[in-house]
Amino acid sequence: MNAWRLAYEGFDPAVEGLREALCTLGNGYMATRGAAPESTAGGVHYPGTYAAGCYNRLSNTVAGEIIENESLVNLPNWLPLTFRAGDGPWLGQAGVELLDQRLELDLRRGVLTRRLRVRDGAGRTTRVTQRRFVHMRHPHLCGLQTTLVPEDWSGTLRVRSVLDATVENSGVARYRGLAGRHFAPVCADPVGEDAVLLVVETNQSHVRIAQAARTRVMRGGRRVGVAREPVEEDGRVGHELGLEVRAGHAITIEKLVTTFTSRDATIADPAVEAVQQLGWVEDFDQLLAEHVLAWRQLWQRFRVSLRGRGERVLRVVRLHLFHLLQTVSEHSVDLDVGVPARGLHGEAYRGHVLWDELFVFPILNVRVPLLTRALLCYRYRRLPWARHAARVAGHIGAGYPWQSGSDGREETQHLHLNPMSGRWTSDPTHRQRHIGLAVAYNVWQYYQVTGDREFVTYYGAEMLLEIARFFADLAGYDHNRGRYVVPGVIGPDEFHTGYPEAPEQGVDNNAYTNVMTVWVMLRALEALSLLPDWRRAELTETLGLRPEELRRWEDISHRMYVPMHDEGIISQFEGYERLAEFDWEAYRARYADVRRLDRILESEGDSPNRYKVSKQADVLMLFYLLSADELGELFDRLGYRLEPDTIPRNIEYYLARTSHGSTLSAVVHAWLLARNHREQALEYFIQALDADVADIQGGTTPEGIHLAAMAGSVDVLQRCFGGVETRGDTLRLNPYWPPQLGTLEFDLRYREHPLTLRITGKGVRISAGAGMQRPIRLHCRDETALLSAGETVEFPVP
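Here the structure is a predicted model, which means the values were calculated and not measured.

Asker: Can you lay out the sheet that holds strand β27 (residues 730–733) for me, pointing to particular residues and giving the numbers?
Answerer: Ordered in space as β26-β27-β31-β32, the 4 strands form an open sheet in which the pairing is mixed. In the strand order of this sheet, the two ends are held by β26 (724–727) and β32 (783–787), each with one partner. Averaged over neighbouring strand pairs, the angle between their axes works out to 25° when direction is ignored.

Asker: If you had to explain the sheet that holds strand β2 (residues 25–26) to someone new, which residues and values would you point to?
Answerer: Think of a sheet as strands paired side by side through backbone hydrogen bonds, with each pair either parallel or antiparallel. An order of β2-β3-β4-β5 is seen for the 4 strands of this open sheet, with the pairing classed as antiparallel. The open sheet terminates on both sides in strands that have one partner only, identified here as β2 and β5 (65–74). Looking at chain direction, β2 and strand β3 (residues 30–32) are connected through 2 bridges and run antiparallel. Residue Gly26 lies in a different strand from β3, and its bridge partner there is Ala31.

Asker: Account for the side chain of Ser332, with residues named and values stated.
Answerer: Considering the arrangement of structural elements, one finds Ser332 in the loop between α4 (311–327) and α5 (357–365). When sequence neighbours within four positions are dropped, the list of residues in contact with Ser332 reads Gly28, Thr327, Val337 and Leu371.

Asker: Before we move on, can you summarise the packing of helix α8 (residues 434–450) against helix α10 (residues 511–530) with the specific residues and values?
Answerer: In the contact formed by α8 and α10, the axes pass within 10 Å of each other and the chain directions differ by 40°. Of the possible angle classes, the one that applies to α8 and α10 is oblique. The crossing of α8 and α10 is left-handed. Contacts between α8 and α10 involve His434, Leu437, Ala440, Tyr441, Trp444, Gln445 and Tyr447 from the former and Tyr512, Thr513, Met516, Thr517, Trp519, Val520, Arg523, Glu526, Ala527 and Leu530 from the latter. Partitioning the contact of α8 with α10 into residue classes produces 11 nonpolar, 4 polar and 2 charged.

Asker: How would you sum up the pairing of β5? Please name residues and give values.
Answerer: With 7 of 10 residues buried, β5 lies mostly within the body of the structure. Where strand β4 (residues 49–62) lies against β5, 9 bridges are found, and the strand directions are antiparallel. Note on β5: the bridge partner recorded for Asn56 is Ser71. From the end of β4 to the start of β5, which pair antiparallel, there are 2 residues, and Ala63 there has a positive phi angle of about 50°.

Asker: I'd like a rundown of the packing of aromatic side chains, residues and numbers included.
Answerer: The description of an aromatic ring pair rests on the distance of the ring centres and on the angle between the ring planes. Counting across every chain of the model gives 27 aromatic pairs. Centre to centre, the rings of Phe470 and Phe471 are 5.3 Å apart; their planes meet at 90°, and the pair counts as edge-to-face. Classification of Phe470 as buried rests on a relative accessible area of 2%. You can call Phe471 buried: its relative accessible area is 1%. Ring pairing ties together the aromatic residues Trp355, Phe359, Trp402, Tyr624 and Trp671, which thus form one cluster. Taking NZ or CZ as reference, Arg160 lies 5.7 Å from the ring centre of Trp90, over its face. Above the plane of the ring of Tyr175 lies Arg350, whose end atom (NZ or CZ) is 4.0 Å from the centre.

Asker: So what's going on with α5? Residues and values would help.
Answerer: Within α5, 9 of the 9 residues are buried, which leaves the element mostly enclosed by the surrounding structure. Considered for burial, the residues of α5 that qualify are Glu357, Leu358, Phe359, Val360, Phe361, Pro362, Ile363, Leu364 and Asn365.

Asker: Mind laying out the pattern of salt bridges, listing which residues take part and the relevant values?
Answerer: Taken as a whole and assessed by the stated rule, the structure comprises 67 salt bridges. Residues Arg57 and Glu68 are paired through a salt bridge, measuring 3.8 Å at the closest nitrogen-oxygen approach. With Arg57 in strand β4 and Glu68 in strand β5, this residue pair connects regions lying 11 residues apart in the sequence. We classify Arg57 as buried; its relative accessible area is 9%. By relative accessible area, which is 44% here, Glu68 ends up partly exposed. One salt bridge connects Arg102 with Glu104, and the closest N-O pair in it is separated by 2.9 Å. Here Glu104 falls in the buried class, since its relative accessible area comes to 12%. What you see here is one network of salt bridges that share partners, running through Arg158, Arg160, Asp164, Glu229, Glu233, Arg236 and Glu240.

Asker: Got a sec to walk through the packing of helix α9 (residues 453–474) against helix α11 (residues 533–543)? Specific residues and values, please.
Answerer: Remark: α9 packs on α11, axes separated minimally by 11 Å, with the N-to-C direction vectors making an angle of 40°. Here α9 lies oblique to α11, going by the angle between them. The two elements α9 and α11 cross, and the hand of that crossing is right-handed. Every residue of α11 that contacts α9 at Thr457, Tyr458, Ala461, Glu462, Leu465, Glu466 and Arg469 is listed here: Trp534, Arg535, Leu539 and Leu543.

Asker: Can you break down empty space enclosed by the protein residue by residue, with the values?
Answerer: With the rule as written, the count across this model stands at 9 cavities of 30 Å³ or more. Approximately 110 Å³ is the volume attributed to the largest cavity. Residue lining of the largest cavity: Pro362, Asn365, Val366, Tyr441, Gln445, Val449, Gln718, Arg719, Val724, Glu725 and Thr726, and that is the complete set. Elements that contribute at least two residues to the lining of the largest cavity include exactly α5, α8, α20 (707–721) and β26. Of the residues belonging to the lining of the largest cavity, the class tally is 5 nonpolar, 4 polar and 2 charged. Taken as a whole, the second largest cavity spans an internal volume of roughly 90 Å³. In terms of lining, the second largest cavity is formed by 13 residues, of which the most central are Ser71, Asn169, Tyr175, Glu347 and Arg350. Split into classes, the residues belonging to the lining of the second largest cavity amount to 5 nonpolar, 6 polar and 2 charged.

Asker: Tell me about the nonpolar core, and name the residues and values.
Answerer: Formed by 232 residues in total, the largest nonpolar core has its most connected members in Trp355, Met621, Phe623, Phe685, Phe721 and Leu755. Counting 17 residues, the second-largest nonpolar core is a separate cluster that includes Ala210, Ala271, Leu287 and Leu288.

Rules behind the numbers
- Residues numbered from 1 in each chain as written.
- Predicted model: local features only at pLDDT ≥ 70, side-chain atom pairs only at ≥ 80, totals over all residues.
- Heavy atoms only, no water.
- Pairing = 2+ DSSP bridges.
- Helix = DSSP H or I, 4+ residues; strand = E, 2+ residues; numbered from the N terminus.
- Axes fitted to C-alpha atoms, helices over the stretch in contact; angles between N-to-C directions.
- Contact = heavy atoms within 4.5 Å.
- Parallel < 35°, antiparallel > 145°, perpendicular 65-115°, else oblique.
- Left-handed = near helix turned anticlockwise from the far one by under 90°.
- Nonpolar A, V, L, I, M, F, W, Y, C, P; charged D, E, K, R; others polar.
- Buried < 20%, exposed > 50% of the residue type's maximum accessible area, 1.4 Å probe, protein only.
- Phe/Tyr/Trp six-rings, centres within 6.5 Å; stacked < 30°, edge-to-face > 60°.
- Lys NZ or Arg CZ within 6 Å of the ring centre and 35° of its normal.
- Salt bridge = Lys/Arg side-chain N within 4 Å of Asp/Glu carboxyl O.
- 1 Å grid on protein atoms, 1.4 Å probe; cavity = no way out; pocket = protein on both sides within 12 Å on 5 of 7 lines; lining within 4 Å.
- Points joined across faces, edges and corners; volume = space filled by probe spheres on them.
- Core = buried A, V, L, I, M, F, W, Y, C linked by side-chain atoms within 4.5 Å.

This is how it looks when you write it as structure tokens:
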């Protein structure tokens, strides 16, 4: 097994969508699914190319209601290239037999290679090798190289290479009844002898998209002249080439494409830029060498190795890092984009930004903090919309949307289609106010890793303060309890959208929301104290932040209500204990898969709101985000006692009531079980690794990879099994390493120190690179040490 390669043999229509998603190539600016160049969208294939941040909004009438959906736009398809022998059928059409095929994704080099042999009805056999890249150094550039070898025939070879603007957004079956045509043609013209230009414009957001393509033929490393005919069909532009070939002699077709949009910085016109930069580029092989170098340098910063028995695990971990780096990279820094939940790999969630950055940033913070900072600025720039949303809801501060897109308004659908029942039902998940708590958490964790006070001064503190204001205003004081309460929200579980008698009004006192509100109050006050006097005065005056508000935050941090039942079980929300227990055994006997229990119950005219069931971790997210020490301090502050057995009892209680309807569920539960149940934790970790490669949710991965689960699985190695935590200006090491995985080594950066960590079942070794940085404080179990540049510290772990 090669830990740097993902390979598929043969052709299986049932799994082509999965392969296309997992073989996506991208660079943070754009990405292209791994569909065959000759394929078209249908029941088997789905070619798709997406540019980060390129959205468009369309309206539909559903169930008598006008709804708007903003989607990440499927751009014109740059891939189409096919061939035929003489007047035979084109590759991809009936009459061409596929004899064998191998698809291989090289993770180290960022190259997708396809090898196949085909035979037409006249018995002519052709061997094909295709390589493609989406360039990691030049973000606007893509390349496809096709080498053809006629095995048993000589004669005329015809090649067709086009750009295709007939594409729509139709990659998610449950969206196909809705409008999906997002752009209109502007022009489709030849450019010189061997290139064409295609320009389209989105029909609502008016983003202009330009692609320029150049197709050349090479023989023996030299360019050869060929007969060309223009292809100018409705929505397609390109060339049809004709040339003579001989049996056993190779011919190579190189297709290079540039893509620009009117969102790009430092350009005057995307069409002019696309044509100009296409003229600058050399041949495929030279560009490939630059691309491979860029990936090599990137992997140096994201190095992870497992020595011993973890090679299969290592391959999937690298695959997950690969797709993370294709979705967000240093090319994302100036794009004003967030972290799309399903990457740039498909159209599920319409390319929206949810809370997935909560699981992504821990990987980026300690390797490319510049990228985290840029992605956090996506949230900062949308503060005006978040403030507006808070005002509309009758509150002050900033209320971030559960789903975000281009401008920061709430993009959550009002109606949701249940594919099991075929019914459109109301979708109240915009009540997931906890998204703001995630934004605040991410701001603070970035600061803990980097010590970047400039960011806190100019951006982070303002976000923290406005989020704190919103949640403080959301909380009301209950005089009977003598505590603050938070009504009408939906927690991370998502199954419980309300009470049985009020199913769309949210629940009261979701424990996760309430406890994290306290955490945010404290971090906001701390951030305010970190500011220079002049900036503190500016922000206080600009935001109209009054002393009584700060006193209220302090009061909330002491008197927030946390519901509990059964002597130490933290209630998911107030009234949870009154819900019915669910008959898991009966439903598992009736249904092969009960992960999406919400859909099953709705199809039966029932609702999860009636039962003690969870889609994914809710209360348990507290134990995922906060250490036992940190959570214990919060509970002590609130006047509650966190007993030694509280965390394991709650894990056991909620694990038995969770359907794991989200790919994130395995990530979180692997983390939670690592301390006391390592074998079970390892099982959940393997489930997290398999979430996309095995498409364990049965058809969701072809719609786009699950980016948070991918990043989260790597984070289980790093921060859970590896025990790396950044808190209180200290790098903390508290590993619970499964010896079955061998020895872990990885690199990270903390407070500007390049560090290498080596973790085994016996201990931790941490080495700092050379430099002039100030020493950093380390803490492992009961030991503390200072680490200076160029030094190594080892901690034994019993």
